[in-house]
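A look at the structure
The chain contents come next:
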Amino acid sequence: MEVSQRAKGIAPSATLFITNKAKVLKSQGVDIIGFGAGEPDYDTPTHIKDAACAALEEGFTKYTATEGIIPLKKAIKSKLQRRNGLEYDIDEIIVSCGAKHSLYNTFMCLLNPGDEVILPLPYWVSYDEQIRLCGAKVIAAEPEDNLKINGDTIRRFRTEKTKLLVLNSPNNPTGVVYSEEELKDIAEAVLETDMGIISDEVYEDFTYNGIKAQSIVKVAPELKDRTIIINGVSKTYSMTGWRIGYAAGPKEIIKAMGNLQAHSTSNPTSFAQIATVEALEGPQDSIEEMRQAFSTRRDYIADALDSIPGINCSKPSGAFYVFPKVSDLYGKTTKKGTLIKDSQSFSAALLDEALVAVVPGSAFGTDEYVRLSYACNLDSIKKGVDRIAKFVNSLR
Ligand SMILES: Cc1ncc(COP(=O)(O)O)c(C=O)c1O
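Below, the structure is looked at part by part. Values in this document were obtained by computation on a predicted structure and should not be read as measured data.

1. Description of the overall build of the protein chain
Helix and strand counts for the protein chain stand at 14 helices and twelve strands. For the protein chain, the C-alpha radius of gyration of 21 Å lies close to 21 Å, the compact-globule estimate for 396 residues. When its C-alpha atoms are laid out on the principal axes, the protein chain stretches across 60 × 55 × 55 Å. Here the protein chain holds 396 residues, and the buried ones make up 54% of them. Once local pairs closer than 6 in sequence are excluded, the contacts in the protein chain between residues at least 24 apart make up 73%. Seen as two clouds, the 46 positive and the 52 negative side-chain charges of the protein chain have centres 4 Å apart.

2. Notes on the sheet that holds strand β11 (residues 359-360)
The strand order across the open sheet built from three strands is β9-β12-β11, with neighbouring strands paired in antiparallel fashion. In this open sheet, the two strands that pair with only one neighbour each are β9 (321-322) and β11. Where β9 and strand β12 (residues 370-373) come together, two bridges link them in antiparallel fashion. Its bridge partner lying in β12, Val322 is registered against Leu372.

3. Observations regarding the side chain of Thr276
Note on placement: Thr276 falls in helix α11 (residues 270-281). Once residues lying within four places of it in the same chain are set aside, the contact partners of Thr276 are Leu72, Val233, Met239 and Ile244.

Thresholds applied
Residues numbered from 1 in each chain as written. Predicted model: local features only at pLDDT ≥ 70, side-chain atom pairs only at ≥ 80, totals over all residues. Heavy atoms only, no water. Helix = DSSP H or I, 4+ residues; strand = E, 2+ residues; numbered from the N terminus. Rg over C-alpha atoms; globule rule 2.2 N^0.38 Å. Buried < 20%, exposed > 50% of the residue type's maximum accessible area, 1.4 Å probe, protein only. Contact = heavy atoms within 4.5 Å. Lys, Arg positive; Asp, Glu negative; His and termini not counted. Charge placed at Lys NZ, Arg CZ, Asp CG, Glu CD. Pairing = 2+ DSSP bridges.

Below, the structure written as structure tokens:
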């Protein structure tokens, strides 16, 4: 039996590929430093785990409402009011099995074959795959400068077929955060058309140097009826394995997503939903604790990488990634005789010869860069950067 054309078209996740490869090597006793993971290194806070245990004890182990239990939808509604200054009704919110699933449902319910989606470069891998799975066309939009799009980028790439713009701030992989002014400029260009926006805000609480990430819907309320906000608890509460994400947007679209979910996954895991209520409504200090640790690590890793000749690394304002430019090293040869010709060969040689895992920029559509996650402890970061420096200095 042959797999479908649709399935054949799906590329494996490059981020998971590198992370898994590093994990396998680690399990074989190889001393790998992994900068691949897109998840905080912290454990889920105890009070959240306790809430899940209590739910299990009480037998909360059966199907729930497909689109999420009411207490959770109410907790999300309050969070959107409190954190984002936005008003959404319960029926404008749906809970899914991770933000990735929320995104998938959104694209599936909005895109027809042939529709175009403006996807700013560099982009998180799954957007590209999910959009293409819907038969829609990815329009990879190269920003004017500075890894950030603006209103003119949208004007340059839009056509009469443009259905959506994907906005991700704070951004994976670059860590850039759009300011209020920048969001207003983007909103203006969007409002000249009838395109919608997918606003992926999963890293909203990890910003540095006093910068606060805003939702584009708060900055431009006129966009509310054509924006789907995507968020979740994976990053903010270090709950990546719990698989809870959510979407907020116009009622009819949320309803369609509920119908799709009813025939695909049904409800997100019952006791993980209870844990998420606790995450959103219980003590919030774990977020600040992680944010401060990330801030220290960001300062260290960005400066240390930037000081390596041939690597340029700016200090991003958000998320937990740095995205250094390594293309000045292309054309050089490693000690083992491997030619570094692109981000893929750079990452493969770095893993092979220096035992450091990074994600090639080509996975995000931008081959001059690599991505490093600094969601790992400072000692590992120091050791890893030292290895990168030695590796780069040994290139000929
Ligand atoms: C930009 C972005 N959106 C969404 C997700 C998915 O998060 P979740 O674990 O909730 O599916 C990720 C995870 O890496 C991400 O980087």
